[in-house]
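Letter by letter, the chains look like this.
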Amino acid sequence: MRPRALPALALGLVLLVTGCGEAGKSPEKAAAPPSDSAAPAPSPVTKPSPTPTPAKPKLRPLPKKLPAGLHRASGSNGVALTFDDGPDPRFTPQILAQLRAARVQATFCVVGKQAKRYPELVARIVREGHQLCNHSWHHDMNLGRRSAAEIRSDLQRTNEAIHAAAPKAPITWFRQPGGRWTAEEVTIARQMGLRPLHWSVDPQDWDHPPAKTIIKRVKGATRHGSVVLLHDAGGDRAQTMAACRHLIPDIKRRYGIALPR
Ligand SMILES: [Zn+2]
């Protein structure tokens, strides 16, 4: 068999199954400083991975299937665009400018630490009519597996950082990093007024494919009512920015772009 035949086939599956890309990163990076940000770090020193955390708490098992009740469609004919892991001082303003030029709104799944660090960007997201989604305090891939108290306090802390930046902004959604949801977490998020937002199209832009690949993957999988997962932070997002210059007008023309509901 020719090995070249596989990627296209694999892609179809990957698009549906894998999550927020962060799956490709170290799941324990949570303990590190806001390494999601590709912005010039204040410290020039690259630290080795943190020393093993003492006495790891027990984690509940990750379910094999996604729990019920996740929003995986926009709720209308339009396509919902979602941008994760920011805000980021280099890329968030670029995507905001693109959205503004196209006169469309998107949902920003912000990380609490990033919101605390860049409050002016959170305020700008809100001011320009976009929607907010809580994406955990430090992008904890295992948040859903922790105790109810830990989950609640992580979401609360993130909400507070967002509200410190944009006091009256509604935080409509929660999205678990990596899409590693548990039913318990969905329940807690709902109790806090956060609706669980998953996705239906994942071009895996976190893995730095070239813009043309991101475009191809998104266009191949997007339908009316899709929720598209993209990243405006967490690494070098130049290829995502380039892809969006094509995708945003194209999706708007084909399907319309709408906030999820
Ligand atoms: Zn993420």
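Starting afresh in each chain, residues are numbered from 1 along the sequence in its written order. Where totals are concerned, whole chains, interfaces and linings use all residues; where local detail is concerned, this predicted model gives features only for residues with pLDDT of at least 70, and gives and counts side-chain atom pairs only at 80 or more. Values reported for side chains reflect all heavy atoms of the structure, with hydrogen atoms and water molecules removed beforehand.

- Where an unreviewed UniProt entry is consulted, the protein chain appears under the name Polysaccharide deacetylase, with the organism given as Micromonospora marina.

### Side note on helix H2 (residues 92-102)
- Looking only at H2, the buried set comprises Thr92, Ile95, Leu96, Gln98, Leu99 and Ala102. For H2, the buried positions fall inside an angular range of 160° around the axis, keeping them on one side. Looking at H2, the residues exposed on the side facing more than 90 degrees away from the buried face are Arg100 and Ala101.
- Two residues form a contact once any of their heavy atoms are found within 4.5 Å. Numbering of helices and strands runs from the N terminus, with a helix taken as a DSSP run of H or I at least four residues long and a strand as a DSSP run of E at least two residues long. For H2, the secondary structure elements touched by its buried residues are strand E1 (80-84), strand E2 (107-110), helix H4 (119-127) and helix H8 (238-254).
- Looking one or two places after H2, you find Arg103, whose phi comes out positive at around 55°. Accessible area is worked out with a 1.4 Å probe on protein chains only. A residue is then buried under 20% of its type maximum, exposed over 50%, and partly exposed in between. Taken from the helix axis, the directions to the C-beta atoms give the arc we talk about.

### Quick word on the pattern of salt bridges
- A pairing counts as a salt bridge when a side-chain nitrogen of Lys or Arg comes within 4 Å of a carboxyl oxygen of Asp or Glu. In the structure shown here, the tally under the stated rule is eight salt bridges.
- Asp140 is the salt-bridge partner of Arg146, the closest N and O atoms lying 2.6 Å from each other.
- When salt bridges with common partners are traced through the structure, they connect Lys219, Asp250, Arg253 and Arg254 into a single cluster.

### Description of the packing of helix H7 (residues 211-221) against H8
- Here H7 crosses H8 at 30°, and the two axes come no closer than 8 Å. Relative to H8, the element H7 lies roughly parallel. Note that H7 runs across H8; the crossing there is right-handed. Contact with H7, carried on its side by Ala211, Ile214, Ile215, Val218 and Lys219, involves Gln239, Thr240, Ala242, Ala243, His246, Leu247, Asp250, Ile251 and Arg254 of H8 and no other residues of that element.
- Residue classes follow a fixed rule: Ala, Val, Leu, Ile, Met, Phe, Trp, Tyr, Cys and Pro count as nonpolar, while Asp, Glu, Lys and Arg count as charged, and any other residue, Gly among them, counts as polar. Residue composition of the contact of H7 with H8, grouped by class: eight nonpolar, three polar and three charged. Axis lines are fitted through C-alpha atoms, for helices just across the contact stretch, and the angle between N-to-C directions can take any value from 0 to 180 degrees. Roughly parallel refers to an angle under 35 degrees, roughly antiparallel to one over 145, roughly perpendicular to one between 65 and 115, and oblique to any angle outside these ranges. Here a crossing is called left-handed whenever its near helix is offset anticlockwise from the far helix by less than a right angle, and right-handed whenever the offset is clockwise.

### Let's talk about unusual backbone geometry
- Put simply, Gly86 and Pro87 share a cis peptide bond, and its omega is 0°.
- Examined against the element boundaries, Pro87 turns out to sit in the loop between E1 and H2.
- Notably, Ser136 is not glycine yet its phi reads approximately 80°, a positive angle.
- The topology assignment puts Ser136 in the loop between strand E3 (131-134) and helix H5 (148-165).
- According to the relative accessible area criterion, Ser136 is buried, its value standing at 0%.
- Backbone geometry at Gln204 places phi at a positive 55°, although glycine is not the residue there.
- Considering the arrangement of structural elements, one finds Gln204 in the loop between strand E5 (195-196) and H7.

### As for the packing of aromatic side chains
- Between rings of Phe, Tyr and Trp, where Trp is taken as its six-membered ring, a pair exists when centres lie within 6.5 Å; planes separated by under 30 degrees are stacked, by over 60 edge-to-face, and by other angles tilted. Evaluated as defined, the whole model comprises two aromatic pairs.
- Their ring planes at 90° and their centres at 5.6 Å tell us that Phe174 and Trp181 sit as a pair that is edge-to-face.
- Residue Phe174 is classed as buried on the basis of its relative accessible area of 0%.
- We classify Trp181 as buried; its relative accessible area is 2%.

### A few points about the side chain of His139
- Here His139 lies in the loop between E3 and H5.
- The class for His139 is buried, based on a relative accessible area of 1%.
- Under this definition, polar contacts are N or O atom pairs within 3.5 Å; protein pairs additionally need one hydrogen-donor-capable and one acceptor-capable atom, and for neighbouring residues in sequence, both atoms have to be side-chain atoms. Here the side chain of His139 touches Asp85 through a polar contact of 3.1 Å, side chain to side chain.
- A distance of 3.2 Å separates a polar atom in the side chain of His139 from a polar atom in the side chain of His135.

### Side note on the packing of H5 against helix H6 (residues 183-191)
- Axis separation between H5 and H6 bottoms out at 10 Å; the angle between their running directions is 45°. With respect to H6, the axis of H5 lies oblique. The hand of the H5/H6 crossing is right-handed. Here Ala148, Ile151, Arg152 and Leu155 of H5 come into contact with H6, specifically with Glu185, Ile188, Ala189 and Gln191.
- Each residue belonging to the contact of H5 with H6 can be placed in one class, and the counts come to five nonpolar, one polar and two charged.

### Some details on the nonpolar core
- Note on terminology: a nonpolar core comprises buried Ala, Val, Leu, Ile, Met, Phe, Trp, Tyr and Cys residues joined through side-chain atoms within 4.5 Å. Core analysis: the biggest nonpolar cluster contains 48 residues, and Leu81, Phe83, Ile95, Leu99, Phe108 and Ile248 have the highest contact counts within it.
- For this core, the leading source of residues is H8, giving six residues.
- Membership of the second largest hydrophobic core comes to eight residues, among which are Cys109, Cys133, Trp173 and Leu229.

### Overview of the environment of Phe83
- The topology assignment puts Phe83 in strand E1.
- Classification of Phe83 as buried rests on a relative accessible area of 1%.
- With twelve residues separating them along the chain, Phe83 and Ile95 place their C-alpha atoms 8.9 Å apart.
- Setting aside chain neighbours within four positions, we find Phe83 in contact with Ile95, Leu99, Ala106, Thr107, Phe108, Cys109, Leu230, Asp232 and Cys244.

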